[in-house]
Every structure is written in structure tokens, then in C-alpha cells.
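Secondary and tertiary structure notes
The chain contents come next:
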Amino acid sequence: QRQHKIQEMRLYQEAMELQRIADSREAQLRGTRHLVDSARLDPHEAAHRLYAGQKESVGRLALLQQKVEQEDRDKVEEKRFRKGQRSTSEGNLTCPGTPGRRL
């Protein structure tokens, strides 16, 4: 009798979980559809909207790529500049042609 009651409880919980999932799915579908008025659906407007959105995203991507390329160029330039500073700031300003204190 106790096992029968536990099994009934488990079946009830599973049914409630399935009902909750179905309800949430239905609410989600309804939520996305209620914003679109079927009387105002115009394929030309939709195509224009999608084209404009795609054009805008391509423009943003191009700007981002330009920004990244500029940052890379700046890094390389900064690296070259620092490399040039390091070689002159070593303190070894003697010319290889003059022996100086080396001999």
C-alpha cells in the first residue's frame, strides 16, 4: 500500500512537470507571436528590414576589423620604437671602428 502511494505520488509529480513544461513552451510561443500583427505582414517591409539589419551588422563588423588592425599596427610600431630605444640606451655608444678601452 505504501509503495502504491509512492508510485502514485511519483506519477503525479511527473505529470505536473510535463504540464509545466508544456505550459511554458506554449507561453513562450504565444509571447513571440503576439507582437506580430498578421494583418500588417508585408514581405517588402520585412525584406527591407532584414537587408538594412544585415548592412548595419556588416558595417559594424568592418569597423571592428579596422579597429583591431589599427591596434595591431600600433602595437608593432610601439614594439619597434621601444626596440630602438633599448639599443641606444645601453650606454655602449662607442663606434666599432674605434677600439677605445677594449685594447
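Below is a summary of the structure that appears in this document. What you see is a predicted model; the values in this text were computed from it and never measured.

1. Describing the overall build of the chain
- Check the secondary structure of the chain and you find 2 helices and 0 strands.
- Taken across its 103 residues, the chain has 0% of its residues classed as buried.
- When the accessible surface of the chain is split by element, carbon and sulfur atoms take 55% of a total near 10800 Å².

2. Here we look at a negative patch on the surface
- A cluster of acidic residues, Glu 71, Asp 72, Asp 74 and Glu 77, forms a negative patch on the protein surface.
- Position of Glu 77 relative to the elements: it lies in helix H2 (residues 43-88).
- A residue is classified by how much of its surface remains accessible, and Glu 77, at 57% relative accessible area, is exposed.

3. Describing a nonpolar patch on the surface
- Taken together, the side chains of Met 9, Tyr 12 and Met 16 define a hydrophobic patch exposed on the protein surface, amounting to about 340 Å² of accessible area.
- By the secondary structure assignment, Met 9 is in helix H1 (residues 2-33).
- Its relative accessible area of 48% is what places Met 9 among the partly exposed residues.

Thresholds applied
- Residues numbered from 1 in each chain as written.
- Predicted model: local features only at pLDDT ≥ 70, side-chain atom pairs only at ≥ 80, totals over all residues.
- Heavy atoms only, no water.
- Helix = DSSP H or I, 4+ residues; strand = E, 2+ residues; numbered from the N terminus.
- Buried < 20%, exposed > 50% of the residue type's maximum accessible area, 1.4 Å probe, protein only.
- Areas by Shrake-Rupley, 256 points an atom, 1.4 Å probe, with all protein chains shown as cover.
- Patch = residues over 30% accessible without salt bridge, like charges linked within 9 Å, V, L, I, M, F, W, Y side chains within 5 Å.
- Salt bridge = Lys/Arg side-chain N within 4 Å of Asp/Glu carboxyl O.
- Lys, Arg positive; Asp, Glu negative; His and termini not counted.
- Charge placed at Lys NZ, Arg CZ, Asp CG, Glu CD.

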